[in-house]
Structures are given as structure tokens and as C-alpha cells.
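Coordinate analysis (summary)
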Amino acid sequence: MGVALASAARVAPLVRHAPTIATYCSHSSLQIFHGAKQEGFRTLGICGGRPPRYYEAFPLARPDAFLAIPRLALLPRYAARLNREHAVLVPHGSFVEYLGPEKFAALPVPVFGNRKVLAWESDREKEREWLESAGVRMPKRYESIDDIDGPAIVKYYGAKGGKGFILAKDRRTLEGFRPTGPYVIQQYVLGTRYYIHFFYSPLSRDGYRVGNGSLELLGMDRRDEANIDELYKLGSQEELLAAGIRPTFVVTGNVPVVLRESLLPQVFDIGARIVERSIELFGGMVGPFCVEGIVTEELKFYVFEISTRIVAGTNVFPSGSSYADLVAPHLSMGRRMALEIARARHEGRLREVLS
Ligand code: AMP
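Residues numbered from 1 in each chain as written. Predicted model: local features only at pLDDT ≥ 70, side-chain atom pairs only at ≥ 80, totals over all residues. Heavy atoms only, no water.

Side note on the pattern of salt bridges
Where we set the bar: By convention in these notes, a salt bridge is any Lys or Arg side-chain nitrogen within 4 Å of a carboxyl oxygen on Asp or Glu. Here a strand is any run of E in DSSP of at least two residues, a helix any run of H or I of at least four, and the numbering for each starts at the N terminus. Buried, partly exposed and exposed residues are distinguished by accessible area as a fraction of the type maximum, computed with a 1.4 Å probe on protein chains only: under 20%, between the cut-offs, and over 50%, respectively.
Tallying each qualifying case throughout the model produces 23 salt bridges. Glu-132 is the salt-bridge partner of Arg-128, the closest N and O atoms lying 2.8 Å from each other. One end of the pair is Arg-128 and the other is Glu-132, both in helix H7 (residues 124–133) and 4 residues apart, which spans about a single turn. Across the pair Arg-336 and Glu-340 runs a salt bridge, and its minimum N-O distance is 3.1 Å. Taken together, the residues span about one helical turn, with Arg-336 and Glu-340 both in helix H11 (residues 333–346) at a distance of 4 residues. A relative accessible area of 1% means that Glu-340 is categorised as buried. Bridged by salt links that share partners, the residues Arg-343, Glu-347, Arg-349 and Glu-352 form one connected network.

See below:
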């Protein structure tokens with residue numbers, strides 16, 4: 001038996017009754033329900049207000065039932081109902097963000113993956129501590145403007161969609177900078193962005209072994225970000241700033257990408273280090289996570305962020321990707337999670353994948 005994340009009492013009902021896969025109707029929910037249905041699970045869509053109408057257009061991804069509540073913030077009041085339905089909650093970015101990481105972590109309902117990871121992901125300081133101590137290359141952090149020795153990016157804490165991020169070609173650009181709140185200054189890494197979709201299975205004994213389990217690479221995407229992606233068409237940074245136009249990084253969609261094959265050893269090494277350190281720090285990260293980084297012209301991979309749950313970029317692969325196709329046919333991240341829950345239940349190891 002590997003690391004037990006959930007108490008025996010929490011998983012006991014799911015040993016007797018087949019779990020219902022439940023998530024909040026947004027983000028990657030279509031894919032999560034689609035994958036769960038493929039593996040024969042009952043599915044439950046949680047929504048604030050009426051179920052979104054677009055579900056009617058996707059019969060293969062429409063959940064079997066909805067739990068429509070006035071507002072998502074009220075979800076803790078519905079914990080008993082979710083447990084009666086034998087729900088296993090699948091976290092995704094919007095679910096955790098809209099409910100709040102602390103409230104999500106405190107829900108007395110089984111969650112897929114290790115809920116302790118949320119505290120490490122949602123705090124940029126703790127995230128850096130985790131990644132740096134794992135030996136992962138990250139953009140330099142400048143303690144003060146005087147330390148800047150190249151292009152830099154100023155990030156205000158909690159700046160949604162990078163609104164209010166400031167890009168600077170060099171130290172001089174930031175002379176006279178008057179902060180309007182808490183912020184960090186980072187090296188602005190010049191290169192191309194990749195968002196790598198990993199899955200860590202503590203149950204698997206095959207494939208690329210990490211910890212007591214194995215690490216799978218199921219896909220990669222790049223995020224479309226407004227307005228930065230198209231900003232260059234309008235003029236130089238100086239001209240734009242003079243006109244009061246600032247860059248933002250609001251994610252509006254995703255596109256599939258592949259990486260040079262010669263970079264795969266580097267990204268597997270990064271994924272493995274992050275998982276191994278997570279086991280030491282908080283009992284391990286289970287299931288999907290995304291390494292978000294930039295490859296420079298020297299072919300060095302810098303990680304600027306990780307997401308420790310399914311990311312919306314996996315939505316471009318509902319039935320396989322350039323990488324998942326080499327693992328198993330028709331494998332989406334949603335289906336991969338369902339397969340892990342089914343296997344854990346079959347092998348009597350639900351405590352290792354639920355928390
Ligand atoms: P974040 O809020 O940290 O996810 O950053 C939002 C976006 O800003 C990313 O998707 C990148 O496009 C860009 N970005 C963040 N950090 C850096 C960095 N250190 N160097 C270059 N681009 C960055």
C-alpha cells in the first residue's frame with residue numbers, strides 16, 4: 001500500500017457503492033463527464049443557478065443529473081447530499097477558484113487527488129519553495145529594481161489574467177515605478193510557451209517510474225492570451241503605453257502543440273522532480289497537473305507556474321493527443337482520471353487516490 005491520503009471512513013461508502021463523478025459545470029467539465037461516462041460512471045453536474053444550456057448540445061458529455069444550487073459558494077451546505085449520491089469531486093481551475101481553495105479543501109466530501117496540494121499551488125511563495133527545492137529551473141526573482149539585469153515582468157499578487165502586469169525591456173524602463181500593491185519582479189524569459197499535461201498515477205507499476213508509481217505525458221497546449229498575442233500589430237510598447245494601452249494575459253482559448261522530441265528528457269525530468277518533492281512535502285500529488293513554461297533559444301525549459309489539477313488546455317484532446325495516443329487509444333485526461341478511480345476501487349486502494 002502506498003501513501004494513504006483519505007481516511008478509511010471517507011472512502012468506505014465508495015467501496016460498497018459505485019462512485020458518482022461530480023464537478024462544477026465549467027472549465028473542463030464537458031471532458032470530465034465525457035471521460036467518466038466512457039468508463040461507466042454516473043455523473044453529476046454542480047451549477048450555480050440553472051444548468052448551462054450548452055450541455056444540451058453535447059449528449060456524450062451531458063451529466064446524468066444536476067445539482068443546481070443558488071450559488072457555488074453555498075456548496076458546503078450540500079455536502080450531505082453529495083455524500084448520499086456517493087460523489088467524488090473532481091477539482092478544476094474554476095471550481096477551486098470560485099469556491100476558494102480553503103473552502104474547497106475543507107469540504108467533507110471525497111475529492112480526486114490530494115487536496116493538500118491546493119495550499120501549495122494557490123500561494124506563489126509556497127509554489128516557488130516547492131519547485132525550487134525540487135531543483136526545477138525558474139525565472140529569476142529580483143528583490144529590487146536595482147538587481148534587474150535584463151527584461152523583466154512585474155506581477156501584482158492576485159492580478160487576474162495578468163491584468164496590471166508590467167513588461168520592462170530593462171531596468172531603466174522601471175525607473176520611477178510606483179507600485180500600487182504587493183508585487184514580485186521576475187526575469188522575463190524570452191522564448192516559446194508550452195503547457196505540459198502530466199498525469200501521475202501512484203497505482204501504476206508500468207511506464208516511466210516515479211516514486212512508487214508512474215508519470216504519463218498526455219498532451220501539450222499553448223494558451224491564447226488577449227490582448228498580448230495581437231498587441232504587436234498596433235505599434236511599439238512605448239507608443240501603446242503613451243496611448244494608455246497596457247498588455248494583459250487573459251486566457252481566451254487553447255491550441256494544441258508538440259515539443260521537439262529532444263526536449264522530452266528535460267520535461268520528464270522536471271515532471272518527475274515535481275512529483276518526488278510533492279511526496280516529501282505533503283504526501284504526493286495524484287492525477288493531473290500542468291507544468292507551464294518557456295523554452296529559450298538555448299533550449300532551456302523555465303517553469304513559471306504549475307497547476308496541480310486538470311487544466312482547460314486538455315480540452316483540445318477529448319479523444320487522444322500526439323502523446324496520449326502513444327499511451328492508450330482515445331485517452332483524454334477526463335477518461336484517465338475515471339480509469340484511475342475505477343482501478344483504485346477494483347484494487348481496494350481508493351485511499352491512495354482520493355482525499
Ligand atoms: P501567470 O499569471 O504567472 O500564469 O502568467 C500569465 C502569463 O504571463 C503567462 O501565460 C505568460 O504568457 C506570461 N509570463 C508569466 N511569467 C513570465 C515570465 N517569467 N517570462 C515570460 N512570460 C511570463
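Section: the site of the ligand
As a reminder, the rule being used: Note on definitions. A residue lies near a molecule or strand when any single heavy atom of the residue is within 4 Å of it. Throughout this description, a polar contact denotes any pair of N or O atoms lying within 3.5 Å of each other; where both atoms belong to protein, one of them has to be capable of donating a hydrogen while the other can accept it, and for residues adjacent in sequence the pair is counted only when both atoms sit in side chains. Each accessible area is a Shrake-Rupley result for a 1.4 Å probe, and residues are judged covered by the shown protein chains and nothing else. Amino acids are sorted into nonpolar (Ala, Val, Leu, Ile, Met, Phe, Trp, Tyr, Cys and Pro), charged (Asp, Glu, Lys and Arg) and polar (every other residue, Gly among them).
In the vicinity of the ligand, 16 residues are found, and the nearest of them are Gln-186, Val-189, Tyr-195, Glu-225 and Glu-305. Val-189 is positioned with one of its backbone polar atoms (N or O) 2.9 Å from a nitrogen atom of the ligand. At 2.9 Å, a side-chain N or O of Glu-305 approaches an oxygen atom of the ligand. Calculation on the ligand without its partners gives an accessible area of 480 Å², and the protein chains cover 92% of this total. Mapped by element, the contributors of at least two residues to the shell around the ligand are strand E6 (152–156), strand E8 (183–187), strand E9 (192–201) and strand E14 (301–307). The residue inventory of the shell around the ligand, partitioned by class, reads 9 nonpolar, 2 polar and 5 charged.

Observations concerning the sheet that holds strand E2 (residues 42–48)
The condition that has to hold: By definition, two strands form a pair when at least two bridges between them are found by DSSP. Axes here refer to lines fitted to C-alpha atoms; in helices the fit is confined to the stretch in contact. Angles between the N-to-C directions go from 0 to 180 degrees. Residues are treated as being in contact if the distance between any of their heavy atoms lies within 4.5 Å.
Pairing in this open sheet of 4 strands is parallel, and the strands run E3-E2-E1-E4 from one edge to the other. What marks the edges here is a single partner per strand, and that holds for strand E3 (65–69) and strand E4 (87–89). Strand-to-strand twist across the sheet, computed as the mean angle between neighbouring axes with direction ignored, equals 30°. Bridging between strand E1 (residues 20–24) and E2 involves 5 bridges; their strand directions are parallel. Bridging from a neighbouring strand, Thr-23 pairs with Gly-45 of E2. Against the sheet, helix H2 (residues 29–38) contacts E1 and E2, and its axis sits at roughly 175° relative to E1.

A short note on the side chain of Ser-307
Here Ser-307 lies in strand E14. Here the side chain of Ser-307 touches Glu-292 through a polar contact of 2.6 Å, side chain to side chain. Those residues in contact with Ser-307, other than ones at most four positions away along the chain, are Glu-121, Arg-223, Phe-289, Cys-290 and Glu-292.

A short note on the pairing of strand E11 (residues 213–227)
Consecutive side chains of a regular strand alternate in pointing toward one face of the sheet and then the other. For E11, a buried count of 11 out of 15 residues is recorded, marking the element as mostly surrounded by other parts of the structure. Of the pairings in the sheet, the one linking E9 to E11 comprises 7 bridges and is antiparallel in character. Within E11, the residue paired with His-197 across the bridge is Gly-219. Of the strand pairs in this sheet, strand E10 (residues 208–210) and E11 are connected by 3 bridges, and their pairing is antiparallel. The partner of Arg-209 across the bridge, within E11, is Ser-214. Between E10 and E11, which follow one another and run antiparallel, lie 2 residues, and Gly-211 among them has a positive phi close to 55°. Two elements, E11 and strand E12 (residues 249–256), share 7 bridges in a ladder whose sense is antiparallel. Residue Glu-225 lies in a different strand from E12, and its bridge partner there is Val-251.

So, the environment of Glu-298
Position of Glu-298 relative to the elements: it lies in the loop between strand E13 (287–295) and E14. Spatially, the C-alpha atoms of Glu-298 and Phe-199 are 27 Å apart, while their sequence positions differ by 99 residues.

Digging into the packing of aromatic side chains
Which entries qualify depends on this criterion: Pairing of aromatic rings covers Phe, Tyr and the six-membered ring of Trp, with a centre-to-centre limit of 6.5 Å; geometry is then stacked below 30 degrees between planes, edge-to-face above 60, and tilted otherwise.
Taken as a whole and assessed by the stated rule, the structure comprises 15 aromatic pairs. Seen from their ring centres, Tyr-55 and Phe-66 are 5.8 Å apart, and the 85° between their planes marks the pair as edge-to-face. Placement of the pair is Tyr-55 in the loop between E2 and E3 and Phe-66 in strand E3, with a sequence separation of 11 residues. For the pair Tyr-55 and Phe-66, one class covers both residues: buried. Look at Tyr-195 and Phe-304: their rings are 6.2 Å apart centre to centre, the planes differ by 85°, and that puts the pair in the edge-to-face class. With Tyr-195 in strand E9 and Phe-304 in strand E14, this residue pair connects regions lying 109 residues apart in the sequence.

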